[in-house]
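# Observations on chain architecture
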Amino acid sequence: MDGVLYDSMRFHARAWHEVATHHQLTSRPEDFYMFEGRTGESTINELYQRTFQRDATAEEKQTIYKEKADLFNTYNVKYGKPHPEPYLMGLQKAHAKPNEAFVVENAPMGVEAAVAANIFTIAVNTGPLPDQVLLDAGADLLYPDMENLAKDWKQIIELAKSTRLNEYSK
């Protein structure tokens with residue numbers, strides 16, 4: 001539920017940036033909004049490529065990711081976003097089908113993962129990225145913040161119910 005029920009991305013970005021700075025890796029806090037949804041190893045490799053033009057060693061990945069993981073929990077999946085596995089696993093655990101779910105995402109890779117899982121995807125731009133990045137990733141709807149999404153939530157639910165009823169009556 002992290003990032004959905006509680007918008008913690010600014011804390012994730014800050015933690016990644018602090019760990020990266022500690023290891024002399026070139027980064028800006030806003031970089032991590034673009035990396036959101038990647039596995040930790042992929043993020044670390046991206047930083048190493050940017051800074052040293054090489055992949056991180058296994059030991060470097062382990063050390064850096066442990067520092068980050070000490071602050072935050074990680075996904076319990078084999079493949080991180082933009083792979084659809086995180087959402088497919090969520091559907092499986094909820095005993096739901098893609099057309100019985102919504103995804104609310106604030107990261108391009110998360111939007112891509114949800115779209116790849118065939119789930120209706122609502123993007124909420126909680127960071128510094130241009131809206132178009134989330135739309136280009138495939139979002140079905142886009143909101144500037146959670147407050148505006150909350151204002152429309154009843155309408156979204158009613159539309160989903162009527163659409164679902166129409167699908168089942170065919």
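Quick look at the structure, then. (Residues numbered from 1 in each chain as written. Predicted model: local features only at pLDDT ≥ 70, side-chain atom pairs only at ≥ 80, totals over all residues. Heavy atoms only, no water.)

### A short note on the environment of Leu141
Considering the arrangement of structural elements, one finds Leu141 in strand S3 (residues 141–143). The spatial distance from the C-alpha of Leu141 to the C-alpha of Phe120 is 8.7 Å, given a sequence separation of 21 residues. Setting aside residues up to four positions removed in sequence, Leu141 forms contacts with Phe120, Thr121, Ile122, Ala123 and Ile156. (Helix = DSSP H or I, 4+ residues; strand = E, 2+ residues; numbered from the N terminus. Contact = heavy atoms within 4.5 Å.)

### Points about unusual backbone geometry
Phi angles above zero are rare outside glycine, and Gln24 is one such case at about 55 degrees. Counting through the fold element by element, Gln24 comes out in the loop between helix H1 (9–22) and helix H2 (31–35). Looking at Gln24, the relative accessible area reads 58%, which means it is exposed. Positive phi, close to 65 degrees, is recorded for Asn118, a residue that is not glycine. Inspection of the secondary structure assignment puts Asn118 in the loop between helix H6 (108–116) and strand S2 (120–124). (Buried < 20%, exposed > 50% of the residue type's maximum accessible area, 1.4 Å probe, protein only.)

### Thoughts on the environment of Arg38
With respect to the helices and strands, Arg38 occurs in the loop between H2 and helix H3 (40–52). Each C-alpha atom, one on Arg38 and one on Tyr79, is 8.6 Å from the other, the two residues being 41 residues apart in sequence. Once residues lying within four places of it in the same chain are set aside, the contact partners of Arg38 are Thr43, Glu46, Lys81 and Met109. Looking at Arg38, its side chain comes within polar contact range of the side chain of Ser42, at 2.8 Å. (Polar contact = N/O pair within 3.5 Å; in protein donor to acceptor, adjacent residues only side chain to side chain.)

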